[in-house]
Amino acid sequence: IIEDYKVFHNDTELKDDDTVSTGDTVKLSNGDIHTIIVAGDINKDGKITVYDYTMLRNYILRIDDFDNVEMLAADANCDNKVVGVSDYTKIREVILGIS
């Protein structure tokens, strides 16, 4: 059964042609609210870019830390294992268009 839903970015409903980003929310007709995670979109802009790659590098080098949503998005290879070099490699492949 598919429920009616609306997608929001910072409490503003997205239009059909808007980009969905990590951290956006889906509100179902039954009242349930779920956070969207886009694998690799760590900075929550809806794109996988060098900025996400740099954020993950800084995390691996223990320069920066992630909140829970960023950590889920950092699992770019979607293996549900420790975020690390394999996720970093996946983001690089996406940026270079080889994945």
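Check the entry above for the structure.
Everything numeric in this text was worked out from a predicted model, so none of it was measured.

Some thoughts on the pairing of strand E1 (residues 5-9)
Working step 1: In terms of strand pairing, E1 meets strand E3 (residues 25-28) through 4 bridges, oriented antiparallel. Note that in E3 the partner of tyrosine 5 across the bridge is leucine 28.
Working step 2: Where E1 lies against strand E2 (residues 12-13), 2 bridges are found, and the strand directions are antiparallel. Directly across from histidine 9, in E2, lies its bridge partner threonine 12.
Working step 3: A loop of 2 residues connects E1 with E2, the two strands running antiparallel in sequence, and asparagine 10 in this loop sits at a positive phi of about 50°.

Points about the environment of serine 29
Working step 1: Here serine 29 shows up in the loop between E3 and strand E4 (33-35).
Working step 2: Overall, the relative accessible area of 53% leaves serine 29 in the exposed class.
Working step 3: Residues serine 29 and aspartate 4 lie 25 residues apart in sequence; the distance between their C-alpha atoms is 5.3 Å.

Rules used throughout
- Residues numbered from 1 in each chain as written.
- Predicted model: local features only at pLDDT ≥ 70, side-chain atom pairs only at ≥ 80, totals over all residues.
- Heavy atoms only, no water.
- Pairing = 2+ DSSP bridges.
- Helix = DSSP H or I, 4+ residues; strand = E, 2+ residues; numbered from the N terminus.
- Buried < 20%, exposed > 50% of the residue type's maximum accessible area, 1.4 Å probe, protein only.

The values reported here are purely geometric and, on their own, carry no functional implication.
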